[in-house]
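Per-entry structural report
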Amino acid sequence: MPDQDVPELQSLFEAPGLPRFDLPDVVERAYGGFGLADQVVYGNFVSSLDGIVAIPGVPRSSAVISGGDEGDRFVVALLRAAADAVVIGAGTFRAHEGPWTPENAYPEAAEAFAELRRKLRRGNRPKLVVVTNSGDLGGPPSKLDDVIVITTSDGSGRLGKDVAAAVEVVELGVAGSIDMQEAIGWLFEHGYRRILTEGGPKLMGETLKAGVVDELFLTISPVIVGGGEGRPRPTLASGVELSPDATQSGRLLSLHRKGAYLFLRYSLLDVAPS
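Because the structure is a prediction, the values reported are computed rather than measured.

**As for the packing of aromatic side chains**
Throughout the structure, instances matching the rule amount to seven aromatic pairs. Seen from their ring centres, Y42 and F217 are 6.0 Å apart, and the 70 degrees between their planes marks the pair as edge-to-face. Residue Y42 is found in strand β2 (residues 40-47), and its partner F217 is found in strand β8 (residues 215-220); the two are separated by 175 residues along the sequence. With respect to burial, Y42 and F217 carry one shared label: buried. Members of the aromatic cluster, each reached through a chain of ring pairs, are F21, Y31, F34, Y42 and F217. A cation sits over an aromatic face here: K143 above F93, 4.4 Å from the ring centre.

**As for the pairing of strand β7 (residues 194-199)**
The buried fraction of β7 amounts to six of the six residues, a majority that puts the element mostly inside the structure. Across four bridges, β2 lies against β7 in parallel orientation. What sits directly across from V40, in β7, is R194. The pairing of strand β3 (residues 85-89) with β7 spans four bridges and is parallel. Paired with I88 across the bridge in β7 is G199.

**Digging into the sheet that holds strand β6 (residues 168-171)**
If you walk across this open sheet you meet the 10 strands as β1-β9-β10-β8-β2-β7-β3-β4-β5-β6, and the pairing is mixed. The strands lining the two open edges of the sheet, one partner per strand, are β1 (10-14) and β6. If you compare each strand with its neighbour and ignore which way they point, the axes differ by 20 degrees on average. Note that β2 and β8 share six bridges and pair parallel. In the sheet register, S47 faces β8, and the bridge partner there is I220.

**Some details on the packing of helix α3 (residues 70-81) against helix α6 (residues 110-119)**
Two elements in contact, α3 and α6, have axes separated by 9 Å at closest approach and are oriented at 25 degrees. It follows from the interaxial angle that α3 and α6 lie roughly parallel. Of the two elements, α3 crosses α6, and the hand of that crossing is right-handed. For the pair α3 and α6, contact is made by F74, A77, L78, R80 and A81 and by F113, L116 and R117, respectively. Among the residues making up the contact of α3 with α6, the classes are represented as six nonpolar, no polar and two charged.

Rules used throughout
- All residue numbers refer to position in the chain's written sequence, counted from 1.
- Selection of residues for local features in this predicted model requires a pLDDT of at least 70, selection of side-chain atom pairs for listing and counting requires 80 or more, and totals for whole chains, interfaces and linings are taken over all residues.
- As a convention, hydrogens and water are excluded, and side-chain values are obtained from all of the structure's heavy atoms.
- For Phe, Tyr and Trp, rings pair up if their centres lie within 6.5 Å, where Trp contributes its six-membered ring, and each pair is then called stacked (planes under 30 degrees apart), edge-to-face (over 60) or tilted (otherwise).
- Strands here mean DSSP runs of E at least two residues long; helices mean DSSP runs of H or I at least four residues long; both are numbered from the N terminus.
- A simple rule labels every residue: compare its accessible area, found with a 1.4 Å probe on the protein chains alone, to the largest value its type can have, and call it buried under 20%, exposed over 50%, or partly exposed in between.
- Distance and angle both matter: a charge sits over a ring if NZ of Lys or CZ of Arg is within 6 Å of the ring centre and within 35 degrees of the ring normal.
- Two strands make a pair as long as DSSP finds a minimum of two bridges between them.
- In this analysis an axis means a line fitted to C-alpha atoms, helices contributing only their contacting stretch, and an angle means the value between N-to-C directions, from 0 to 180 degrees.
- Here the word oblique covers every angle except those under 35 degrees (roughly parallel), over 145 (roughly antiparallel) and from 65 to 115 (roughly perpendicular).
- Left-handed describes a crossing whose near helix is turned anticlockwise from the far helix through less than a right angle; right-handed describes the clockwise counterpart.
- Residues count as neighbours in contact if any of their non-hydrogen atoms are within 4.5 Å of one another.
- Note on residue categories: nonpolar means Ala, Val, Leu, Ile, Met, Phe, Trp, Tyr, Cys or Pro, charged means Asp, Glu, Lys or Arg, and polar means any other residue, Gly included.

In short, the description is geometric, and any link to function would need to be established separately.
What follows is the structure, encoded as C-alpha coordinates:
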(Lines give C-alpha, C1' and ligand atoms only; values in the text may rest on other atoms or scores of the structure.)
Protein backbone atom coordinates (compact mmCIF):
# COMPACT_ATOMS: atom_id res chain seq x y z
CA MET A 1 0.00 0.00 0.00
CA PRO A 2 1.45 3.41 -0.93
CA ASP A 3 2.37 5.81 1.84
CA GLN A 4 -0.65 7.87 2.85
CA ASP A 5 -0.89 11.28 4.47
CA VAL A 6 -2.54 10.72 7.85
CA PRO A 7 -2.50 12.71 11.09
CA GLU A 8 -0.33 11.32 13.85
CA LEU A 9 -2.05 11.44 17.24
CA GLN A 10 0.23 11.55 20.26
CA SER A 11 -0.64 8.90 22.85
CA LEU A 12 -0.57 10.41 26.35
CA PHE A 13 -2.21 7.60 28.34
CA GLU A 14 -3.48 4.08 27.83
CA ALA A 15 -4.93 1.71 30.41
CA PRO A 16 -3.36 -1.75 30.43
CA GLY A 17 -5.05 -4.73 28.88
CA LEU A 18 -7.07 -3.04 26.13
CA PRO A 19 -8.04 -5.18 23.11
CA ARG A 20 -5.79 -5.02 20.07
CA PHE A 21 -6.63 -5.40 16.39
CA ASP A 22 -4.12 -6.33 13.71
CA LEU A 23 -4.09 -2.84 12.22
CA PRO A 24 -2.86 -1.77 8.79
CA ASP A 25 0.45 0.08 9.13
CA VAL A 26 -1.12 3.38 8.04
CA VAL A 27 -3.75 3.21 10.79
CA GLU A 28 -1.27 2.19 13.49
CA ARG A 29 1.09 4.98 12.47
CA ALA A 30 -1.69 7.51 12.94
CA TYR A 31 -3.33 6.24 16.13
CA GLY A 32 -1.11 3.63 17.73
CA GLY A 33 -2.62 0.43 19.07
CA PHE A 34 -6.40 0.04 18.93
CA GLY A 35 -9.03 -2.62 19.39
CA LEU A 36 -12.53 -3.32 20.71
CA ALA A 37 -14.23 -6.15 22.56
CA ASP A 38 -16.01 -8.79 20.48
CA GLN A 39 -19.39 -7.43 21.63
CA VAL A 40 -19.59 -3.74 22.51
CA VAL A 41 -21.73 -0.62 22.15
CA TYR A 42 -19.61 2.51 21.81
CA GLY A 43 -20.51 6.14 21.25
CA ASN A 44 -18.57 8.84 19.46
CA PHE A 45 -19.02 12.61 19.82
CA VAL A 46 -17.12 15.82 19.34
CA SER A 47 -17.72 18.49 21.97
CA SER A 48 -16.74 22.11 22.42
CA LEU A 49 -14.79 23.16 25.50
CA ASP A 50 -18.08 24.22 27.08
CA GLY A 51 -19.70 20.83 26.48
CA ILE A 52 -21.85 21.57 23.41
CA VAL A 53 -22.20 18.86 20.73
CA ALA A 54 -24.69 20.49 18.33
CA ILE A 55 -25.91 23.95 17.34
CA PRO A 56 -29.61 23.89 16.39
CA GLY A 57 -30.31 25.65 13.11
CA VAL A 58 -26.72 25.32 11.87
CA PRO A 59 -26.25 22.68 9.14
CA ARG A 60 -23.66 20.00 9.97
CA SER A 61 -22.95 21.76 13.25
CA SER A 62 -20.76 18.92 14.53
CA ALA A 63 -18.29 19.81 11.76
CA VAL A 64 -18.49 23.45 12.85
CA ILE A 65 -17.63 22.40 16.42
CA SER A 66 -14.81 20.12 15.29
CA GLY A 67 -13.47 22.68 12.84
CA GLY A 68 -13.11 19.84 10.33
CA ASP A 69 -9.98 18.72 12.19
CA GLU A 70 -8.26 15.88 10.36
CA GLY A 71 -7.54 14.05 13.61
CA ASP A 72 -11.23 14.01 14.53
CA ARG A 73 -12.18 12.88 11.03
CA PHE A 74 -9.62 10.08 11.23
CA VAL A 75 -11.00 8.85 14.57
CA VAL A 76 -14.56 8.92 13.18
CA ALA A 77 -13.38 6.81 10.25
CA LEU A 78 -11.49 4.38 12.49
CA LEU A 79 -14.51 3.81 14.73
CA ARG A 80 -16.77 3.26 11.72
CA ALA A 81 -14.26 0.87 10.19
CA ALA A 82 -14.44 -1.31 13.31
CA ALA A 83 -18.25 -1.33 13.49
CA ASP A 84 -20.79 -3.89 12.36
CA ALA A 85 -23.50 -1.22 12.60
CA VAL A 86 -23.70 2.55 12.98
CA VAL A 87 -26.80 3.66 14.89
CA ILE A 88 -28.16 7.18 14.53
CA GLY A 89 -31.38 9.02 15.29
CA ALA A 90 -33.76 10.31 12.64
CA GLY A 91 -32.74 13.92 13.31
CA THR A 92 -29.11 13.10 12.52
CA PHE A 93 -30.23 11.17 9.43
CA ARG A 94 -32.22 14.15 8.17
CA ALA A 95 -29.48 16.68 8.92
CA HIS A 96 -26.52 14.93 7.30
CA GLU A 97 -25.85 13.76 3.78
CA GLY A 98 -24.14 10.50 4.69
CA PRO A 99 -23.07 7.89 3.97
CA TRP A 100 -21.93 6.86 7.45
CA THR A 101 -18.83 5.08 6.20
CA PRO A 102 -15.09 5.26 7.01
CA GLU A 103 -14.17 6.60 3.58
CA ASN A 104 -16.71 9.40 3.80
CA ALA A 105 -15.17 10.62 7.06
CA TYR A 106 -11.54 10.30 5.97
CA PRO A 107 -11.22 9.53 2.24
CA GLU A 108 -7.44 10.00 2.32
CA ALA A 109 -7.08 6.60 4.06
CA ALA A 110 -10.01 4.78 2.46
CA GLU A 111 -7.78 1.92 1.30
CA ALA A 112 -6.35 1.39 4.79
CA PHE A 113 -9.79 1.30 6.39
CA ALA A 114 -11.01 -1.14 3.76
CA GLU A 115 -8.01 -3.32 4.62
CA LEU A 116 -8.91 -3.12 8.31
CA ARG A 117 -12.45 -4.32 7.59
CA ARG A 118 -11.03 -7.23 5.60
CA LYS A 119 -8.74 -8.12 8.50
CA LEU A 120 -11.76 -8.03 10.84
CA ARG A 121 -13.76 -10.13 8.36
CA ARG A 122 -16.43 -7.49 8.03
CA GLY A 123 -18.36 -6.45 4.94
CA ASN A 124 -17.55 -3.45 2.79
CA ARG A 125 -19.33 -1.02 5.10
CA PRO A 126 -21.11 -1.01 8.45
CA LYS A 127 -24.88 -1.36 8.40
CA LEU A 128 -26.68 1.95 8.96
CA VAL A 129 -29.44 1.75 11.58
CA VAL A 130 -31.83 4.67 12.02
CA VAL A 131 -33.96 4.89 15.17
CA THR A 132 -37.16 6.91 14.79
CA ASN A 133 -40.19 7.17 17.03
CA SER A 134 -42.20 9.18 14.50
CA GLY A 135 -41.27 7.48 11.23
CA ASP A 136 -40.18 10.83 9.78
CA LEU A 137 -36.95 10.23 7.86
CA GLY A 138 -36.93 12.70 4.98
CA GLY A 139 -34.11 13.00 2.47
CA PRO A 140 -33.62 11.50 -1.00
CA PRO A 141 -34.21 7.78 -1.62
CA SER A 142 -30.46 7.28 -2.21
CA LYS A 143 -29.87 7.77 1.53
CA LEU A 144 -32.07 4.74 2.28
CA ASP A 145 -29.85 2.20 0.57
CA ASP A 146 -29.07 -0.79 2.83
CA VAL A 147 -30.66 0.80 5.93
CA ILE A 148 -32.42 -0.75 8.93
CA VAL A 149 -35.13 1.45 10.45
CA ILE A 150 -36.07 0.70 14.05
CA THR A 151 -39.40 2.25 14.93
CA THR A 152 -42.77 1.55 16.55
CA SER A 153 -45.78 0.14 14.73
CA ASP A 154 -47.21 3.67 14.67
CA GLY A 155 -43.96 5.02 13.22
CA SER A 156 -43.89 2.22 10.66
CA GLY A 157 -47.31 3.28 9.45
CA ARG A 158 -46.01 6.81 8.82
CA LEU A 159 -42.95 5.78 6.81
CA GLY A 160 -44.84 5.60 3.55
CA LYS A 161 -44.91 2.72 1.10
CA ASP A 162 -41.84 3.80 -0.87
CA VAL A 163 -39.67 4.12 2.24
CA ALA A 164 -40.97 0.92 3.80
CA ALA A 165 -40.17 -0.94 0.56
CA ALA A 166 -36.61 0.44 0.42
CA VAL A 167 -35.49 -0.37 3.97
CA GLU A 168 -35.67 -3.16 6.52
CA VAL A 169 -38.23 -2.10 9.12
CA VAL A 170 -38.03 -3.40 12.67
CA GLU A 171 -41.06 -2.64 14.84
CA LEU A 172 -40.46 -2.46 18.58
CA GLY A 173 -43.55 -1.50 20.52
CA VAL A 174 -46.72 0.22 19.41
CA ALA A 175 -46.08 3.92 20.06
CA GLY A 176 -43.92 6.33 22.06
CA SER A 177 -40.17 6.08 22.63
CA ILE A 178 -38.06 3.17 21.45
CA ASP A 179 -36.74 0.95 24.23
CA MET A 180 -33.00 1.14 23.52
CA GLN A 181 -32.25 -1.99 25.51
CA GLU A 182 -34.64 -3.84 23.23
CA ALA A 183 -33.20 -2.18 20.10
CA ILE A 184 -29.60 -3.07 20.98
CA GLY A 185 -30.71 -6.58 21.96
CA TRP A 186 -32.31 -7.03 18.52
CA LEU A 187 -29.08 -5.96 16.80
CA PHE A 188 -26.99 -8.34 18.89
CA GLU A 189 -29.39 -11.20 18.14
CA HIS A 190 -29.08 -10.52 14.42
CA GLY A 191 -25.30 -10.63 14.33
CA TYR A 192 -24.33 -6.98 14.83
CA ARG A 193 -21.78 -7.31 17.62
CA ARG A 194 -19.81 -4.07 17.51
CA ILE A 195 -22.29 -1.23 17.50
CA LEU A 196 -21.29 2.41 17.10
CA THR A 197 -23.72 5.20 17.92
CA GLU A 198 -23.05 8.68 16.55
CA GLY A 199 -26.21 10.20 18.03
CA GLY A 200 -27.56 12.70 17.88
CA PRO A 201 -27.60 13.84 21.47
CA LYS A 202 -31.23 12.83 22.08
CA LEU A 203 -30.54 9.24 21.01
CA MET A 204 -27.31 9.19 23.02
CA GLY A 205 -29.22 10.38 26.06
CA GLU A 206 -31.69 7.55 25.64
CA THR A 207 -28.93 4.95 25.23
CA LEU A 208 -27.13 6.23 28.32
CA LYS A 209 -30.36 6.21 30.31
CA ALA A 210 -30.96 2.63 29.19
CA GLY A 211 -27.46 1.68 30.37
CA VAL A 212 -26.45 0.06 27.08
CA VAL A 213 -23.35 2.14 26.23
CA ASP A 214 -20.13 0.34 27.12
CA GLU A 215 -17.61 2.92 25.91
CA LEU A 216 -17.53 6.57 24.90
CA PHE A 217 -15.05 8.15 22.51
CA LEU A 218 -15.06 11.91 22.98
CA THR A 219 -13.14 14.52 21.00
CA ILE A 220 -12.67 17.83 22.83
CA SER A 221 -12.40 20.66 20.32
CA PRO A 222 -10.68 23.89 21.48
CA VAL A 223 -13.69 26.11 20.75
CA ILE A 224 -16.31 27.75 22.96
CA VAL A 225 -19.70 28.16 21.31
CA GLY A 226 -21.96 29.13 24.21
CA GLY A 227 -25.05 27.44 25.56
CA GLY A 228 -27.57 29.40 23.49
CA GLU A 229 -30.20 31.90 24.57
CA GLY A 230 -33.72 31.14 23.41
CA ARG A 231 -33.01 27.55 22.41
CA PRO A 232 -30.49 25.70 24.59
CA ARG A 233 -27.68 23.95 22.76
CA PRO A 234 -27.44 20.25 23.58
CA THR A 235 -24.84 18.27 25.46
CA LEU A 236 -24.20 14.69 24.41
CA ALA A 237 -26.97 13.39 26.71
CA SER A 238 -29.76 15.83 25.94
CA GLY A 239 -33.43 15.14 26.48
CA VAL A 240 -33.04 12.90 29.52
CA GLU A 241 -32.53 13.51 33.19
CA LEU A 242 -30.35 10.97 34.92
CA SER A 243 -31.40 10.48 38.52
CA PRO A 244 -28.64 10.61 41.17
CA ASP A 245 -28.53 6.80 41.41
CA ALA A 246 -28.27 6.50 37.61
CA THR A 247 -25.57 9.12 37.05
CA GLN A 248 -22.96 7.82 34.64
CA SER A 249 -19.27 7.82 35.53
CA GLY A 250 -16.44 7.01 33.19
CA ARG A 251 -13.09 5.28 33.63
CA LEU A 252 -10.44 6.72 31.35
CA LEU A 253 -9.08 4.10 28.94
CA SER A 254 -6.93 6.24 26.68
CA LEU A 255 -6.00 9.81 25.87
CA HIS A 256 -4.55 11.08 22.60
CA ARG A 257 -3.63 14.57 21.52
CA LYS A 258 -3.20 16.41 18.26
CA GLY A 259 -2.39 20.08 18.68
CA ALA A 260 -5.09 21.62 20.87
CA TYR A 261 -7.50 18.70 20.31
CA LEU A 262 -7.93 15.90 22.86
CA PHE A 263 -9.25 12.42 22.04
CA LEU A 264 -10.58 10.56 25.07
CA ARG A 265 -11.83 7.02 25.46
CA TYR A 266 -13.90 6.06 28.50
CA SER A 267 -15.37 2.85 29.82
CA LEU A 268 -18.87 3.31 31.24
CA LEU A 269 -19.06 -0.21 32.69
CA ASP A 270 -18.86 -1.01 36.38
CA VAL A 271 -17.20 2.25 37.31
CA ALA A 272 -16.87 2.75 41.04
CA PRO A 273 -17.56 6.29 42.36
CA SER A 274 -14.36 8.30 42.78
